[in-house]
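Survey of secondary and tertiary structure
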Amino acid sequence: MSLSSVLSADAIDCALKDCQAPDSFNPKKFFQLCGLTKKSPQEVKNVFNILDNDASGFIEEEELKFFLQRFSPGARVLTDKETKGFLSAADDDSDGKIGAEEFQAMVLS
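Residues numbered from 1 in each chain as written. Predicted model: local features only at pLDDT ≥ 70, side-chain atom pairs only at ≥ 80, totals over all residues. Heavy atoms only, no water.

**What about empty space enclosed by the protein?**
One simple way to see leftover space: roll a probe sized like a water molecule over the atoms. In the structure shown here, the tally under the stated rule is one cavity of 30 Å³ or more. Here the largest cavity is characterised by a volume of approximately 30 Å³. Among the secondary structure elements, those contributing two or more residues to the lining of the largest cavity are helix H1 (9–18) and helix H2 (27–33). Of all the elements, H2 adds the most residues to the lining of the largest cavity, at three residues. (1 Å grid on protein atoms, 1.4 Å probe; cavity = no way out; pocket = protein on both sides within 12 Å on 5 of 7 lines; lining within 4 Å. Points joined across faces, edges and corners; volume = space filled by probe spheres on them. Helix = DSSP H or I, 4+ residues; strand = E, 2+ residues; numbered from the N terminus.)

Next up, the structure:
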């Protein structure tokens, strides 16, 4: 399964263009622009599984750094500031990683 099976290529492009500049990435805005906030909980979980590169059941800080590249290989990596901000915004139980439920809650809230 690929992200384009859940989200349209145009929406992904729009979301990526919005955060091209370093330190301009906002997870909530990105999820809205790419159309993820309008998807079902199951579709959001499918996207989580695609983003969970090592299939650990969590998106860790190292995976978050390359978050945008999971949407498009040519996209930039997130800055340390963006990565830490994304992690702290979604990591409700403060275990240093984002679980499927935490990701779903962030996207759909």
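**What about the pattern of salt bridges?**
Close approach of charged atoms allows side chains of opposite charge to pair. Counted according to the given criterion, the structure contains five salt bridges. For Lys45, the salt bridge identified is with Glu101, shortest N-O distance 4.0 Å. Placement of the pair is Lys45 in helix H3 (residues 41–51) and Glu101 in helix H7 (residues 100–108), with a sequence separation of 56 residues. The salt bridge involving Lys65 is made with Asp80; its shortest N-O contact spans 3.8 Å. Here Lys65 is found in helix H4 (residues 61–65), whereas its partner Asp80 is found in helix H6 (residues 80–90), with 15 residues between them in sequence. (Salt bridge = Lys/Arg side-chain N within 4 Å of Asp/Glu carboxyl O.)

**Side note on the UniProt feature "domain: EF-hand" (unreviewed entry) in the chain**
Per the UniProt record, "domain: EF-hand" (unreviewed entry) is found at residues 39–74. Along residues 39–74 the backbone is 58% helical and 8% strand, and the end-to-end C-alpha distance reaches 25 Å. (UniProt positions renumbered as here; feature names shortened; annotations may be inferred.)

**Some thoughts on unusual backbone geometry**
Look at Ala55: it is not a glycine, yet its phi comes out positive at around 55 degrees. If you trace the backbone, Ala55 turns up in the loop between H3 and strand E1 (58–60). Here the phi dihedral of Ser94 falls at roughly 55 degrees; this positive angle occurs in a residue that is not glycine. You can see Ser94 is positioned in the loop between H6 and strand E2 (97–99). Of the residues examined, Ser94 reaches a relative accessible area of 64% and is grouped as exposed. (Buried < 20%, exposed > 50% of the residue type's maximum accessible area, 1.4 Å probe, protein only.)

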